[in-house]
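Architecture and fold: a report
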Amino acid sequence: MGESYGIVAFRSRQQVLALESALRRAGANVKVVSTPRDVALGCGLSVWFSLSDQELVRRVVRETRPGNMVGMYRVDRENGRTHLSVLAYSR
């Protein structure tokens, strides 16, 4: 059985920590993780979130407008393979 989750990738570790804090305050289940290699840009850290919290994450991102965001992605892992889908790009 595989696993699926979301990440928000940044170019700045400071922004990773700031978004993680804002999402925790909003009640989301989040943590800081290493960015998957499939996301070639960024600082090496991302905010992990449960896909069930996707709309909450989108709302907090819209409200906080974090700088240096690379994008929001869905990560699907199964049988040793990782598939990455874009959920949203930074503007």
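The residue numbering used here restarts from 1 in each chain and proceeds along that chain's sequence as written. Side-chain atom pairs in this predicted model are given and counted only at pLDDT of 80 or more, local residue features only at pLDDT of at least 70, and totals for whole chains, interfaces and linings cover all residues. Water and hydrogen atoms play no part in the side-chain values, which are based on all heavy atoms of the structure.

1. Re the environment of S85
Every helix listed is a DSSP run of H or I at least four residues long, and every strand listed is a run of E at least two residues long, numbered separately from the N terminus. Examined against the element boundaries, S85 turns out to sit in strand 5 (residues 81–89). Measuring from C-alpha to C-alpha, the distance between S85 and M72 comes to 8.8 Å, with 13 residues separating the pair along the chain. In contact with S85, other than residues within four places in its own chain, are M72, Y73, R74 and D76. Think of a polar contact as two N or O atoms within 3.5 Å of one another; within protein, one of them needs to be a possible hydrogen donor and the other a possible acceptor, and neighboring residues in sequence only count if both atoms come from side chains. Engagement of the side chain of S85 in a polar contact is seen with the side chain of H83, the distance being 3.5 Å. Only heavy atoms matter for contacts: two residues are in contact if any of them lie within 4.5 Å across the pair.

2. Topic: the packing of aromatic side chains
Aromatic ring pairs are described here by two measures, namely the spacing of the ring centres and the angle between the planes. Each pair of aromatic rings taken from Phe, Tyr and Trp, with Trp reduced to its six-membered ring, is defined by centres within 6.5 Å and is described as stacked if the planes are under 30 degrees apart, edge-to-face if over 60, and tilted in the remaining cases. For the coordinates displayed, the defined rule picks out one aromatic pair. Ring plane angle 35 degrees and centroid distance 6.1 Å describe the contact between Y5 and W48, whose orientation is recorded as tilted. Of this pair, Y5 sits in strand 1 (residues 3–10) while W48 is found in strand 3 (residues 45–49), placing the two residues 43 residues apart along the sequence. Like W48, Y5 is buried. The classification of residues rests on relative accessible area computed with a 1.4 Å probe and restricted to protein chains. Under 20% of the type maximum is buried, over 50% is exposed, and intermediate values are partly exposed.

3. Looking at unusual backbone geometry
One non-glycine residue, R65, adopts positive backbone phi at about 45 degrees. One can find R65 in the loop between helix 2 (54–64) and strand 4 (69–78). Residue classification places R65 among the exposed positions, given a relative accessible area of 70%. Phi at N68 takes a positive value of approximately 65 degrees, unusual for a residue other than glycine. Taking relative accessible area as the criterion, N68 reaches 43% and is therefore assigned partly exposed.

4. Quick word on the side chain of R58
Relative to the assigned elements, R58 resides in helix 2. Only 3.2 Å separates the side chain of R58 from the backbone oxygen of L87, close enough to count as a polar contact. If near-sequence neighbours (up to four positions away) are discounted, R58 is found in contact with M72, L87 and A88.

5. Digging into the pattern of salt bridges
Whenever a carboxyl oxygen of Asp or Glu lies within 4 Å of a side-chain nitrogen of Lys or Arg, that contact is scored as a salt bridge. Taken as a whole, this structure holds four salt bridges when the rule is applied. Of the charged contacts, one joins R24 and E20 as a salt bridge, the two residues approaching to 3.1 Å between their closest N and O atoms. Separated by four residues within a single helix, R24 and E20 lie in helix 1 (residues 13–25), roughly one turn from each other. Residue classification places E20 among the buried residues on the basis of a relative accessible area of 15%. Its salt-bridge partner being E55, residue R58 comes within 3.8 Å of it at the nearest N-O pair. In this pair, R58 and E55 are both assigned in helix 2, three residues apart and thus about one turn of the helix distant.

6. Remarks on the packing of helix 1 against helix 2
For the pair helix 1 and helix 2, the least separation of the axes is 10 Å and the interaxial angle reads 120 degrees. By the angle class used here, helix 1 and helix 2 are oblique. Classified by chirality, the crossing of helix 2 by helix 1 is right-handed. The residues of helix 2 that touch helix 1, namely those facing L19, A22 and L23, are L56, V57, V60, V61 and T64. Under this scheme, a helix contributes an axis fitted over its contacting stretch, all axes are lines through C-alpha atoms, and angles between N-to-C directions fall in the 0 to 180 degree range. Oblique is the label for any angle not under 35 degrees, not over 145, and not in the 65 to 115 range, which are roughly parallel, roughly antiparallel and roughly perpendicular in turn. Crossing chirality is assigned from the near helix's rotation relative to the far helix, an anticlockwise turn below a right angle marking it left-handed and a clockwise turn marking it right-handed.

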